[in-house]
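What follows is the residue order along each chain.
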Amino acid sequence: MRAVGLVKCHIAVSLDGYAAGPNQRLEVPLGDGGEGLHEWAFAARSWQEQHGRSGGEENSDSEVVEEMTADLGAVVMGRGMFGGGPGPWAEDPPWTGWWGDDPPFHVPVFVLTHHPRERLEMEGGTSFIFVTDGVESAIAQAKEAAGDKHVNVGGGANTIQQVLKAGLLDQLMINLVPRLLGGGERLLDGLGPGDANLELAGVVDSPTVTHLTYRVLR
């Protein structure tokens, strides 16, 4: 039987529910305090390896980061996560993302946007495809590109909300960080009981973060 990949989401969230802090801007894309939500991942050995570096800690957080990218076939993200500011795309210089010439994805990445743009090929097997006809189209294209592998839905929170509301997500991992941001972009804003039926599938503790995995029930 042909294996079927899952549509997954892994997102770090503060204890008061924010996936990004207040005052998001080009210089501080995750908002004030938002980058601190990811310190546990930056310190992990597997994260360092995925970014071509050595060192890092070998612990349960490192195992979670490794699992996040295992059997990854495609990524879906919002315009905010890809960056470049709102509105039409700048041409001089063209925005190519936050990650340099060799982004860490190494798979096709489908970017939700209202502004058309030609496919962008990067080093290391990453390509950015800009989708202007909605989240359903982005997920469908990502699943086609991924084949038997998984699709990972990246940020921001609004993109994850759209995927949940559309009933297209299979698994949600919330990496709950014991920090308070006090404002910013809430992960589950605007969602109600009819938008997602979640069942706890696993808990992984570490000294710095609690990883909660939920199945999304149909």
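Keep in mind the model is a prediction, meaning the values are calculated, not measured.

(A) Region of interest: the side chain of T113. With respect to the secondary-structure elements, T113 resides in the loop between strand 4 (108-112) and strand 5 (120-121). On the basis of relative accessibility, which here comes to 7%, the residue T113 falls in the buried class. Polar side-chain contacts of T113 include one of 3.0 Å to the backbone nitrogen of H115. When neighbours within four sequence positions are excluded, T113 is seen to be in contact with R79, W89, F130, V131 and T132.

(B) View of the pattern of salt bridges. Counted under the stated rule, the structure contains 8 salt bridges. With a shortest N-O distance of 2.7 Å, R45 and E49 are connected by a salt bridge. Here the residue R45 and the residue E49 both occupy positions in helix 2 (residues 45-50), the gap between them amounting to 4 residues, near one helical turn. With its nearest N and O atoms 3.9 Å apart, the salt bridge here joins R45 to E66. Here E66 lies in helix 3 (residues 60-69) and R45 lies in helix 2, a separation of 21 residues in the sequence. The partly exposed category is assigned to E66, whose relative accessible area is 43%. If you follow the salt bridges from partner to partner, you end up with R45, E49, E58 and E66 in one network.

(C) Broad picture of the environment of G5. Among the structural elements, G5 can be located in the segment before strand 1 (7-14). Once the C-alpha coordinates of G5 and E144 are considered, the two residues, 139 residues apart in sequence, prove to be 10 Å apart. With sequence-adjacent residues up to four places away left out, G5 is seen in contact with G147, D148, K149 and H150.

(D) Representation of the pairing of strand 8 (residues 171-177). The buried count for strand 8 comes to 6 of 7 residues, which makes it a mostly enclosed element. Both strand 1 and strand 8 contribute to a ladder of 7 bridges, which runs parallel. When the sheet's bridge partners are listed, A12 is paired in strand 8 with N175.

(E) Quick look at the environment of D61. With respect to the element layout, D61 can be found in helix 3. Each C-alpha atom, one on D61 and one on G21, is 22 Å from the other, the two residues being 40 residues apart in sequence. Filtering out sequence-adjacent residues up to four positions away, D61 remains in contact with W40, A44, S206, T208, V209 and H211. Looking at D61, its side chain comes within polar contact range of the side chain of S206, at 2.9 Å.

Rules used throughout
- Residues numbered from 1 in each chain as written.
- Predicted model: local features only at pLDDT ≥ 70, side-chain atom pairs only at ≥ 80, totals over all residues.
- Heavy atoms only, no water.
- Helix = DSSP H or I, 4+ residues; strand = E, 2+ residues; numbered from the N terminus.
- Buried < 20%, exposed > 50% of the residue type's maximum accessible area, 1.4 Å probe, protein only.
- Polar contact = N/O pair within 3.5 Å; in protein donor to acceptor, adjacent residues only side chain to side chain.
- Contact = heavy atoms within 4.5 Å.
- Salt bridge = Lys/Arg side-chain N within 4 Å of Asp/Glu carboxyl O.
- Pairing = 2+ DSSP bridges.

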